[in-house]
Amino acid sequence: MRTKTDRAAHPFYRVGTGEPLVLLHGGTSSWHCWESVIPLLSGQHDVFAPNLPGHGGRPDLAGPYTISAVTDAVEKSMDNAGFDTAHIAGNSLGGWLAMELARRGRARSVVALSPAGAWRTDETRVPALFQSMRKQMRLAYPLVPLVMRSPALRRAAMRTICEHGDRVSARQAVRASRNALRCTAIRDYLPQVIATEYEPYGTLDTPVLIAWSGRDRMIPADRYAEGWRRWAPSATWRTLPDVGHVPMYDDPALVANTILEWTASAAR
């Protein structure tokens, strides 16, 4: 078993034994969003959860923040971890990256949780929503530690990203807010990745599960899933009930079981 003791400060977390499993977070987040899920996975997998460039204190990319460049960075992290291939589970931006890793032959299986991408190149709603959320957090930041002590206020404050913010600890909620405000990649990430054309995935040899949150307010399935159905026609689809865009906050057990069922089926 391998682990990092100073988990809050370190740019990745690794623990467990078994087949390698890489967990990729979404935009403005960090590996900590998987914190409640990792203990449920580490008994069966060698779990590796890195921060993406420009997130969680990790330096930005040297060049433009494109999906291709971020995927390069994730591949390098996998190389450093000693993983030629691994099961990949990702949320939002992380789900999109998981699909890119499958395209490159680095994924044994993929679980994409409400994946970003596959949207129109004239998409404006998501960037506007991110900027509005960051503006509100910046104004409220001095009060965040106080506000997040209240389960009811946590639920209200985190409504865009999860359905049950009251289930998230005050510590996790404060960290999520700080990560979002300190994320340096967001200045380049949304404008550049949305304005770029990408090739569909066609029929991949990698088993792919796209699991969309049933109460996703950030990128709801009725508006954003159709693009993924065209991009990844061979994927299996599932709806995760009663969870928001970041389902790891709402129901860690549901997310862990979804991943474990898929990795087990891929290994057979």
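Below, the structure is looked at part by part. Given the structure is predicted, the values throughout are model-derived calculations rather than measurements.

### Topic: the overall build of the protein chain
Argument step 1. Each helix and strand counted, the protein chain has 11 helices and 7 strands in total.
Argument step 2. Computed over the C-alpha atoms, the radius of gyration of the protein chain is 17 Å, within 12% of the 18 Å expected from 2.2 N^0.38 for a compact globule of 268 residues.
Argument step 3. Taking the principal axes of the C-alpha coordinates as reference, the protein chain spans close to 50 × 45 × 40 Å.
Argument step 4. Accessible surface computed for the protein chain: about 11600 Å², of which carbon and sulfur atoms make up 51%.
Argument step 5. Computing the positive centroid from 32 side-chain charges and the negative centroid from 25, the protein chain places the two 7 Å apart.

### Points about the sheet that holds strand β1 (residues 12-15)
Argument step 1. What the 7 strands build is an open sheet, ordered β1-β3-β2-β4-β5-β6-β7; its pairing is mixed. The outermost strands of the open sheet, each flanked by one partner alone, are β1 and β7 (236-240). Recorded for the sheet is a direction-independent mean angle of 15° between the axes of neighbouring strands.
Argument step 2. Relative to strand β5 (residues 107-113), strand β4 (residues 86-91) runs parallel, the two being bridged by 6 bridges. When the bridges of β5 are listed, Ile 88 appears paired with Val 110.
Argument step 3. Strands in contact with helix α9 (residues 221-231) are β6 (208-213) and β7; relative to β6, the strand with the most contacts, it is inclined by about 170°.
Argument step 4. Sheet contacts for helix α11 (residues 252-267): β2 (19-24), β3 (45-50), β4, β5, β6 and β7; angle to β5, the most-contacted strand, approximately 150°.

### Things to note about helix α3 (residues 93-103)
Argument step 1. Of all 11 residues that make up α3, 10 are buried, and the element is covered over most of its length.
Argument step 2. Positive phi appears at Gly 105, one or two residues downstream of α3, with a value of about 80°.

### Side note on the nonpolar core
Argument step 1. Leu 23, Trp 34 and Trp 228 are the most contacted members of the largest nonpolar core, which totals 82 residues.
Argument step 2. With 7 residues, the single largest contributor to this core is α3.
Argument step 3. Discounting residues that sit within four places of it in the chain, Trp 34 has contacts with Leu 23, Leu 24, His 25, Ala 89, Gly 90, Asn 91, Leu 113, Met 248, Val 255 and Ile 259.

### Quick word on the side chain of Thr 206
Argument step 1. Checked against the element boundaries, Thr 206 lands in the loop between α8 (186-194) and β6.
Argument step 2. Residue class for Thr 206 comes out buried when judged on its relative accessible area of 12%.
Argument step 3. Sequence-distant contacts of Thr 206, that is, excluding residues within four places in its chain, are made with Ala 102, Ala 107, Arg 108, Ser 109 and Val 110.

### Describing the environment of Gln 136
Argument step 1. Residue placement: Gln 136 occurs in helix α4 (residues 125-140).
Argument step 2. A sequence separation of 21 residues divides Gln 136 from Ala 157, and the C-alpha atoms of the two residues are 9.8 Å apart.

### A word on α4
Argument step 1. Taking 1.5 Å as the rise per residue, α4 with 16 residues should run 22 Å; its terminal C-alpha atoms sit 23 Å apart, in good agreement.
Argument step 2. The complete set of buried residues in α4 reads Val 126, Pro 127, Phe 130, Met 133, Arg 134 and Met 137. End-on view of α4: buried residues confined to an arc of 130°, all on one side of the axis. Facing away from the buried side of α4 by more than 90 degrees, the exposed set consists of Lys 135, Gln 136 and Leu 139.

### A look at the packing of helix α2 (residues 67-81) against α3
Argument step 1. At a minimum axis distance of 10 Å, the contact between α2 and α3 shows a crossing angle of 75°. Here α2 lies roughly perpendicular to α3, going by the angle between them. Between α2, through Ile 67, Val 70, Thr 71, Val 74, Glu 75 and Met 78, and α3, the contact on the second element is made entirely by Leu 93, Trp 96, Leu 97, Glu 100 and Leu 101.
Argument step 2. Across the contact of α2 with α3, the residue classes tally to 8 nonpolar, 1 polar and 2 charged.

### Describing the pattern of salt bridges
Argument step 1. Using the criterion set out here, one finds 13 salt bridges in the structure.
Argument step 2. Between Arg 175 and Glu 35 there is a salt bridge, with the nearest N and O atoms lying 3.4 Å from each other. Placement of Arg 175 in helix α7 (residues 170-182) and of Glu 35 in the loop between β2 and α1 (38-41) is noted, with a sequence separation of 140 residues between them.
Argument step 3. Overall, the relative accessible area of 18% leaves Arg 175 in the buried class.
Argument step 4. A relative accessible area of 11% places Glu 35 in the buried class.
Argument step 5. The salt bridge involving Glu 75 is made with Arg 104; its shortest N-O contact spans 2.6 Å. Of the two residues, Glu 75 sits in helix α2 while Arg 104 sits in the loop between α3 and β5, which places them 29 residues apart along the sequence.
Argument step 6. Judged by relative accessible area, which is 29%, Arg 104 ranks as partly exposed.

Conventions used here
Residues numbered from 1 in each chain as written. Predicted model: local features only at pLDDT ≥ 70, side-chain atom pairs only at ≥ 80, totals over all residues. Heavy atoms only, no water. Helix = DSSP H or I, 4+ residues; strand = E, 2+ residues; numbered from the N terminus. Rg over C-alpha atoms; globule rule 2.2 N^0.38 Å. Areas by Shrake-Rupley, 256 points an atom, 1.4 Å probe, with all protein chains shown as cover. Lys, Arg positive; Asp, Glu negative; His and termini not counted. Charge placed at Lys NZ, Arg CZ, Asp CG, Glu CD. Pairing = 2+ DSSP bridges. Axes fitted to C-alpha atoms, helices over the stretch in contact; angles between N-to-C directions. Contact = heavy atoms within 4.5 Å. Buried < 20%, exposed > 50% of the residue type's maximum accessible area, 1.4 Å probe, protein only. Core = buried A, V, L, I, M, F, W, Y, C linked by side-chain atoms within 4.5 Å. Expected span 1.5 Å × (residues − 1). Arc of directions from axis to C-beta. Parallel < 35°, antiparallel > 145°, perpendicular 65-115°, else oblique. Nonpolar A, V, L, I, M, F, W, Y, C, P; charged D, E, K, R; others polar. Salt bridge = Lys/Arg side-chain N within 4 Å of Asp/Glu carboxyl O.

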